[in-house]
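What the coordinates show
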Amino acid sequence: MSTRPESTLAQRKRQLVSDELAEAALQLLAQKGFDAVTVDEIVATAGVSKRTFFRYFASKEDVVVQFLADMGIGIRTELAARPAGERPSVALRHAVSVPLAACGADHSARALRVVQLILRTPALHARFLERQAQWREDLATELATRQGLDTGSDLYPQLAAGTALTAFNTVLQRWSESNGTDDALELIGRAFTVVAPALDAS
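Cut-off values and rules
Residues numbered from 1 in each chain as written. Predicted model: local features only at pLDDT ≥ 70, side-chain atom pairs only at ≥ 80, totals over all residues. Heavy atoms only, no water. Helix = DSSP H or I, 4+ residues; strand = E, 2+ residues; numbered from the N terminus. 1 Å grid on protein atoms, 1.4 Å probe; cavity = no way out; pocket = protein on both sides within 12 Å on 5 of 7 lines; lining within 4 Å. Points joined across faces, edges and corners; volume = space filled by probe spheres on them. Salt bridge = Lys/Arg side-chain N within 4 Å of Asp/Glu carboxyl O. Buried < 20%, exposed > 50% of the residue type's maximum accessible area, 1.4 Å probe, protein only. Phe/Tyr/Trp six-rings, centres within 6.5 Å; stacked < 30°, edge-to-face > 60°.

This brings us to the environment of Ala-81. Here Ala-81 is to be found in helix 4 (residues 60-81). When the C-alpha positions of Ala-81 and Ala-91 are compared, they lie 9.0 Å apart, and in sequence the two are 10 residues distant.

Set out below in structure tokens:
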């Protein structure tokens, strides 16, 4: 008898618990500040044991790191899904717009609190920039594949990925400083109007 359905169910339950823990942690951290929140408060809010928390996350910082990792996966997945013949500037704009779309959605208040938490907490901002180094590598690899380039010898993939992420960071910072009053997707459109000629010059 196959155990695959049971494994799938177990994976889904595990993901559900992880998501609920992450949501509780991010909300608390955003509301009270990173240093003010303890793991004890997080588990009390989530209604789980401390042991359960540490089964999923090594620390409260690790919750934010996982959030950033998921964001990076979403960006690369969107780039990979774009039409093969699409201009690089268009494909990259759509890719980095994936996390920005949450900034204008129904849960924009939550997104704003999390973004401000990350940008205003030095330790978390450092992890954010650290994660982006991996995003840049992933996007460069995807761009090289799309355009038949070699990441080892061609400068374009790394430069294009870095340019797209600079535009993303600039927009995220501006949106955060506006307390969510600016439209993040409108801002990314304006940013890519500036950088598109360079991205498409290859």
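On we go.
Okay, empty space enclosed by the protein next. For the structure on display, the rule yields 1 cavity of 30 Å³ or more. By volume, the largest cavity amounts to about 30 Å³. Lining the largest cavity, in full, are Phe-67, Leu-68, Met-71, Val-115, Ile-118, Phe-128 and Leu-172. Mapped onto the lining of the largest cavity, the elements with two or more residues apiece are helix 4 and helix 6 (108-120).

Quick look at the pattern of salt bridges now. Scanning the entire structure with this criterion turns up 10 salt bridges. Across the salt bridge formed by Asp-138 and Arg-76, the nearest N and O atoms sit 3.5 Å from each other. On the criterion of sequence distance, the pair formed by Asp-138 in helix 7 (residues 122-147) and Arg-76 in helix 4 is long-range, its members being 62 residues apart. Of the residues examined, Arg-76 reaches a relative accessible area of 28% and is grouped as partly exposed.

Before going further, it helps to examine the packing of aromatic side chains. Following the criterion strictly, the structure yields 4 aromatic pairs and no others. When the ring of Phe-128 is compared with that of Trp-135, the centres are 6.0 Å apart and the planes differ by 85 degrees; the resulting orientation is edge-to-face. Pair check on accessibility: Phe-128 and Trp-135 agree, each one buried. Between Trp-135 and Phe-168, the ring centres sit 6.1 Å apart and the planes meet at 65 degrees, which makes this aromatic pair edge-to-face. A residue pair is termed long-range when its members are at least 10 positions apart, and Trp-135 in helix 7 and Phe-168 in helix 8 (residues 156-177) qualify at 33 residues. With relative accessibility at 5%, the residue Trp-135 sits in the buried group.

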